[in-house]
Amino acid sequence: MIKQSQREKWNKIYKNKGTGDSTHQNLPQPCSLLSQYSYLLPHHGTALDIACGTGGNAIFLANHGLTTQAIDISDIAIEQLNARNVPRLTASCQDVEKKPNLSTNIKPSSQGNFDVIIVSCYLYRELCPVIIEALAPGGLLFYQTFHHKKQSTSGPSNQKFLLKNNELLDLFSPLDSLIFHQLSNQGDLSQGNRDLSSLIAQKPN
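Here goes a summary of the coordinates provided. (Residues numbered from 1 in each chain as written. Predicted model: local features only at pLDDT ≥ 70, side-chain atom pairs only at ≥ 80, totals over all residues. Heavy atoms only, no water.)

### Some words on the sheet that holds strand S6 (residues 176–182)
Argument step 1. With mixed pairing, the seven strands of this open sheet are ordered in space as S3-S2-S1-S4-S5-S7-S6. The outermost strands of the open sheet, each flanked by one partner alone, are strand S3 (89–93) and S6. Between one strand axis and the next, the sheet turns by 10 degrees as a mean value, whatever way the strands run. (Pairing = 2+ DSSP bridges. Helix = DSSP H or I, 4+ residues; strand = E, 2+ residues; numbered from the N terminus. Axes fitted to C-alpha atoms, helices over the stretch in contact; angles between N-to-C directions.)

### Structural notes on the nonpolar core
Within soluble globular proteins, side chains that are nonpolar generally end up buried alongside one another.
Argument step 1. Formed by 26 residues in total, the largest nonpolar core has its most connected members in Ile50, Ile106, Ile117, Leu127, Ile131 and Phe172.
Argument step 2. Elements that contribute at least two residues to this core include exactly strand S1 (46–50), strand S4 (114–120), helix H5 (128–134), strand S5 (135–146) and strand S7 (196–202).
Argument step 3. Considering each element in turn, this core owes the most residues, five residues, to H5.
Argument step 4. When sequence neighbours within four positions are dropped, the list of residues in contact with isoleucine 131 reads Ile50, Ile106, Ile117, Val119, Leu141, Tyr143 and Phe172.
Argument step 5. If you look at the next biggest cluster of nonpolar residues, it comprises 14 residues, including Tyr37, Leu41, Val116 and Ile200. (Core = buried A, V, L, I, M, F, W, Y, C linked by side-chain atoms within 4.5 Å. Buried < 20%, exposed > 50% of the residue type's maximum accessible area, 1.4 Å probe, protein only. Contact = heavy atoms within 4.5 Å.)

### Notes on the pattern of salt bridges
Argument step 1. A complete count under the given rule lists one salt bridge for this structure.
Argument step 2. Two residues, glutamate 167 and arginine 125, come together in a salt bridge whose shortest N-O distance is 2.6 Å. Taken as a pair, glutamate 167 in helix H6 (residues 167–171) and arginine 125 in the loop between S4 and H5 lie far apart in primary sequence, 42 residues in all.
Argument step 3. When its relative accessible area of 10% is taken as the criterion, glutamate 167 is described as buried.
Argument step 4. The class of arginine 125 is partly exposed, set by a relative accessible area of 26%. (Salt bridge = Lys/Arg side-chain N within 4 Å of Asp/Glu carboxyl O.)

### Side note on the pairing of strand S2 (residues 67–72)
Argument step 1. Relative to S2, S1 is paired through five bridges, and the arrangement is parallel. The residue bridging isoleucine 50 from the neighbouring strand is isoleucine 71, located in S2.
Argument step 2. Viewed along the sheet, the connection from S1 through helix H3 (residues 56–64) into S2 turns out right-handed.
Argument step 3. Where S2 lies against S3, five bridges are found, and the strand directions are parallel. Along S3, the bridge assignment pairs isoleucine 71 with serine 92.
Argument step 4. You can see the chain leave S2, run along helix H4 (residues 75–82) and come back into S3, and the turn it takes is right-handed. (Right-handed = clockwise from strand over helix to strand, strands pointing away.)

### A look at the packing of helix H1 (residues 6–14) against H4
Argument step 1. Where H1 contacts H4, the two axes come as close as 7 Å, and the packing angle between them is 45 degrees. Judged by the inter-axis angle, H1 sits oblique to H4. For the pair H1 and H4, contact is made by Arg7, Asn11 and Tyr14 and by Asp75, Ile76, Ala77 and Gln80, respectively.
Argument step 2. The class makeup of the residues in the contact of H1 with H4 is three nonpolar, two polar and two charged. (Parallel < 35°, antiparallel > 145°, perpendicular 65-115°, else oblique. Nonpolar A, V, L, I, M, F, W, Y, C, P; charged D, E, K, R; others polar.)

### Here we look at H4
Argument step 1. Every buried residue belonging to H4 is among Ala77, Ile78, Gln80 and Leu81, and all of these are buried. Seen from one end, H4 has its buried residues packed into an arc of 160 degrees, which puts them on one side.
Argument step 2. Residues of H4 that are buried in the fold lie against H1, H3, S2 and S3. (Arc of directions from axis to C-beta.)

And the structure:
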């Protein structure tokens, strides 16, 4: 049996998803971390959305006024995103895990670094030092993905793709932590996001 490639896997997921219309109601939505703390974003500059999928985060950043690059392994997802013709947004198909050119798969802006980088529902630990390097001094990282104490069946079941306790703080320890939260089974389980570990951090000037 031939092993399905990651690109084939994600292309299959996005295959039946069309672009729909371009109204606000039908646009893919940003992750909760970005929408909740959007007031921290600069009003101009450059942004990068890694593993962008349908582009909810990238569209949000571009509409906020940031010149935004979005990358994903799925060429189908990228085609759908580019078909929306969002101003200030360019999307390209890239495999950021491909070796040996891991660091070159994140293409910096013409200024050399990004003012904002966002990663949502994606985890590849070897990429974390590259992300830190790609941030401009004073740049912000928004990172949100599943942790190993999640309460629902959402997200991956493979522990390889689940964060350990407080792991985001360790992975991005060279950055200054601004906001971090990770809930599991404390208190009233009907409230709060119990599946995702979230970090907003800033690169020192």
